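Commentary on secondary and tertiary structure
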Amino acid sequence: MFGRPSLSRTGSFSPENLGPNALAMIGNLCFTIFVVGVLIFTVIAATYQPEDPLFHPSTKITTFLTSTSNATFRSDNTVVKTGEDFMTPNQTAFATFINVTDVDSVGTGTILRHCEGDMDSPIDCSDPEVFHLMMKAAIEQFKDIHFYRFGKPVHGSNASTCDMAWRFRPKEGKTAAFYKDYRRFIVSRSENCSLSVVGIGDYHTGVNARKKRKNQKPGFEKTQPKQAEVISLPVVGETVNDTLPVIESEGSFSHGRYLVYVGGGDRCKSMNHYLWSFLCALGEAQYLNRTLVMDLTLCLSSIYTSSSQDEEGKDFRFYFDFEHLKESASVVDQGQFWSDWNKWQKKDGLNLYLVEDFRITPMKLAGIKDALIMRKFGSVEPDNYWYRVCEGETESVVQRPWHLLWKSRRLMDIVSAIASRLNWDFDSVHVVRGEKAKNRELWPNLATDTAPEALLSSLQYKIEDGRNIYIATNEPDTSFFDPLKDKYSTHFLDEYKDLWDEKSEWYSETTHLNKGVPVEFDGYMRVSVDTEVFLRGKKQIETFNDLTSDCKDGVNTCSTSSS
């Protein structure tokens, strides 16, 4: 019609097919959206890196520990904070230190009766007058510490020496801890029978006074005020008893209730990651009123090792205070546990309850009566991280017991020894260089701002000339800082290698702990000690707060890194 060809209708556009085709197109579109969504979720899961609360400043960490934010974590190689870092110093208890006026006045020398004709006889270290003389000499010599307890003196290495121990803390101490020292005193008797202290040995030289002897009379300390709160504080320098706890009998074992975590992807991660997961397990065990079966062997991440390889076979007790943990919580070594389990499990009809999904919350396990709950984790990260158990609704119910975990007192004793050699009268400077100083794109000013000339310029307004300065740094060549010696007495960690070499207490005790195999003073231990000494300086100068305008985490991150 009108010379125009007519259009033919194909089957696809026929009226009877329009409905089914539209439905098919809608179905395909929905399926495509579903597939894209799955892909996006997979990518997010594969790259999941939760935020680490421990990187916030100390003022924000406490807030985090009591917050309801996501219990997530991001790995890093910084030194972890532990329970004692969150303690508020008990100012009432710390105020009751011993003054010279509290010690019975004995003058500069004491006349001992009946000494005529007996000038060469040994000094009687148990004499109360000798005790008072030694206390007064210690208080007068060590002016930058407060004394809280003196132990009774005991005989030293010869007839003219006495060893005495005391509990103390630095006058300007910021950490909630006590310290113990024991030193050798040289006591001289003059012709008129008077006694005087003519010398006091170095830190921990009074080895005979290290351990309190049986039936030894109490020493001297001031009475604590009745209103003083009794709280457990670390005492650095005391003999460490971190032997493994033993379940005494079959009956005790069979009546116990246990929790164990098995497998997972937490092995060989950073120490931050390890603790975030371990404290989750410990928190769940406490919530369920169960004993935590713990593996005391650690894998030290390559970020801390001299070999740059992950290293198995490290002991929890090298890094943390196991004595405090076992006295404050119910824990057992897994080697001992499995030995007892294999002996008595069948005989006593002990059952195991297996949990293989981290989404099964501790609240759902509260009613389980079986002797052992085993959480078994798979091989797919990050769902096989232990800390996933404490996320979501669990976070507001199960609290990580930070107060149970303290730093190794053996490492802290090295810190105390370094500070004591500096008479607890030093300032500290933290100088970050290394890879950050080389990366001028992210830290454009760091290398220049931490050069010796720039440091001298910055420090002249912050630290007085002639002061002892402890420099905590990742700069391997400490001669780099030699220009500072013209104005300050500089000190570095490696200056104190004798504190962990083959002749040291630390070496002897850790070798014994490691069944006769010497223990390396590894990268984590070095950074831990370096950091703790820095924190005991009277003035503390930080790189990113005081020495450079660069941001800690790189360009344009100051607002986030400081939050």
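Residue positions within a chain follow its written sequence, with the count starting from 1. Reporting in this predicted model follows two pLDDT cut-offs: at least 70 for local features of residues, and 80 or more for side-chain atom pairs to be given and counted; totals over whole chains, interfaces and linings ignore these cut-offs and use all residues. In computing side-chain values, all of the structure's heavy atoms are included and hydrogens and water are not.

Quick notes on the overall build of the protein chain
Defined as follows: Each helix is a run of DSSP H or I of at least 4 residues and each strand a run of E of at least 2, with the numbering of both proceeding from the N terminus. Per-residue accessibility, obtained with a 1.4 Å probe over protein chains only, is compared with the maximum for each type, and a residue is labelled buried under 20%, exposed over 50%, and partly exposed between these values. Whether two residues are in contact is decided by their heavy atoms, any of which lying within 4.5 Å being enough. The accessible surface values rely on the Shrake-Rupley method and a 1.4 Å probe; as for residues, cover is taken only from the protein chains in view.
Helix and strand counts for the protein chain stand at 18 helices and 18 strands. Among the 563 residues that make up the protein chain, the fraction classed as buried is 47%. Long-range pairs, those at least 24 residues apart, make up 70% of the contacts in the protein chain between residues at least 6 apart in sequence. As displayed, the protein chain has an accessible area near 29,500 Å², and 52% of this comes from carbon and sulfur atoms.

Some remarks on the sheet that holds strand S8 (residues 258–263)
To be explicit about the condition: At least two bridges found by DSSP between two strands is the condition for calling them paired. To define axes, lines are fitted to C-alpha atoms, for helices over the stretch in contact only, and angles between the resulting N-to-C directions are given on a 0 to 180 degree scale.
If you trace the five strands from one edge of the open sheet to the other, you get S12-S9-S8-S14-S13, paired in parallel fashion. Edge positions in the sheet fall to strand S12 (331–333) and strand S13 (352–355), since each has one partner strand and no second. For this sheet, the mean inter-axis angle between neighbouring strands, taken without regard to orientation, is 25°. Two elements, S13 and strand S14 (residues 372–377), share four bridges in a ladder whose sense is parallel. If you follow Tyr-353 over to S14, its bridge partner there is Ile-373. Across the face of the sheet, helix H6 (residues 271–287) comes into contact with S8, strand S9 (291–294), S12 and S14 while running at roughly 155° to S8. Sitting on the sheet, helix H9 (residues 334–348) is in contact with S8, S9, S12, S13 and S14, with an inclination near 80° to S12.

Some points on the environment of Glu-464
Along the chain, Glu-464 turns up in the loop between helix H14 (452–459) and strand S16 (468–473). On a C-alpha basis, the gap between Glu-464 and Tyr-488 in space is 8.4 Å, while along the polypeptide they are 24 residues apart.

Digging into the state of the cysteines
As a reminder of what qualifies: The definition used for a disulfide is geometric: two cysteine sulfur atoms within 2.5 Å.
This structure, assessed with the given rule, holds four disulfides. Each disulfide pairs two cysteine sulfurs, and for Cys-280 the partner residue is Cys-390, the sulfurs being separated by 2.1 Å. With the S-S bond torsion at 100°, the cross-link from Cys-280 to Cys-390 turns out right-handed. A residue pair is termed long-range when its members are at least 10 positions apart, and Cys-280 in helix H6 and Cys-390 in the loop between S14 and helix H11 (409–421) qualify at 110 residues. Each member of the pair Cys-280 and Cys-390 is classed as buried. Covalently, Cys-551 is tied to Cys-558 through a disulfide, its sulfur atoms 1.9 Å apart.

A word on H14
This is how the line gets drawn: Directions drawn from the helix axis to the C-beta atoms are what define this arc.
Residues of H14 that are buried include every one of Pro-452, Leu-455, Ser-458 and Leu-459, and no others. Relative to the axis of H14, the buried residues are bounded by an arc of 125° and lie together on one face.

What about helix H15 (residues 505–513)?
For H15, the full list of buried residues reads Trp-506, Tyr-507, Thr-510, Thr-511 and Leu-513. Mapping the buried residues of H15 onto a view down its axis gives an arc of 155°, with all of them on the same face. Against helix H7 (316–319), H11 and helix H16 (523–534) lie the buried residues of H15. Trailing H15 by a residue or two, Lys-515 shows a phi angle of about 60°, which is positive.

Some remarks on the sheet that holds strand S18 (residues 540–541)
Pairing within the open sheet is parallel, and its four strands lie in the order S17-S16-S15-S18. Lying at the two open borders of the sheet, with one neighbouring strand each, are strand S17 (489–491) and S18. In terms of strand pairing, strand S15 (residues 427–431) meets S16 through five bridges, oriented parallel. In the sheet register, Asp-427 faces S16, and the bridge partner there is Ile-469. Sitting on the sheet, H16 is in contact with S15, S16 and S18, with an inclination near 145° to S16.

A few points about the pattern of salt bridges
We count it as follows: In the sections that follow, a salt bridge refers to a side-chain nitrogen of Lys or Arg positioned within 4 Å of a carboxyl oxygen of Asp or Glu.
A full pass over the atoms with the stated rule returns 36 salt bridges. For the salt bridge of Arg-536 with Glu-532, the shortest nitrogen-to-oxygen distance reads 2.8 Å. What makes Arg-536 buried here is its relative accessible area of 14%. Taking the relative accessible area as the measure of exposure, Glu-532 reaches 4% and is therefore buried. Through salt bridges with shared partners, a single ionic network connects Asp-144, Asp-425, Asp-427, Arg-467 and Lys-538.

Considerations on unusual backbone geometry
Put simply, Glu-381 and Pro-382 share a cis peptide bond, and its omega is 5°. A positive phi angle is found at Asn-423, which is not glycine, with a value near 60°. Checked against the element boundaries, Asn-423 lands in the loop between H11 and S15. Here the phi dihedral of Asn-556 falls at roughly 65°; this positive angle occurs in a residue that is not glycine. In this structure, Asn-556 sits in the loop between helix H17 (543–547) and helix H18 (558–561). Asn-556 gets classed as exposed once you look at its relative accessible area, which sits at 74%.

Notes on the packing of H11 against H16
Basically, it comes down to this: Roughly parallel means an angle under 35 degrees; roughly antiparallel, over 145; roughly perpendicular, 65 to 115; everything else is oblique. The crossing is said to be left-handed when, going from far helix to near helix, the turn is anticlockwise and less than a right angle, and right-handed when the turn is clockwise. Residues are grouped as follows: nonpolar covers Ala, Val, Leu, Ile, Met, Phe, Trp, Tyr, Cys and Pro; charged covers Asp, Glu, Lys and Arg; every other residue, Gly included, is treated as polar.
In contact at an axis separation of 9 Å, H11 and H16 are set at 45° when each is read in the N-to-C sense. With respect to their mutual orientation, H11 and H16 come out oblique. When you trace H11 past H16, the crossing you get is right-handed. When H11 is examined against H16, the residues Leu-411, Met-412, Ile-414, Val-415 and Ile-418 are found in contact with a partner set consisting of Met-525, Ser-528, Val-529, Glu-532 and Val-533. Residue classes in the contact of H11 with H16 are distributed as eight nonpolar, one polar and one charged.

Focus on the pairing of S14
With five of six residues buried, S14 is to be regarded as a mostly interior element. Bridge analysis of S8 against S14 gives six bridges, and the strand direction is parallel. When the sheet's bridge partners are listed, Val-260 is paired in S14 with Met-374.

What about the side chain of Thr-557?
Worth spelling out the cut-off: Any pair of N or O atoms that falls within 3.5 Å is considered a polar contact. Within protein, one atom must be able to donate a hydrogen and the other to accept it, and sequence-neighbouring residues count only if both atoms are side-chain atoms.
As for its placement among the helices and strands, Thr-557 is situated in the loop between H17 and H18. Given a relative accessible area of 18%, Thr-557 falls into the buried group. Polar side-chain contacts of Thr-557 include one of 2.5 Å to the backbone oxygen of Gly-554.

Honestly, that's just the spatial picture; any functional story needs more than this.
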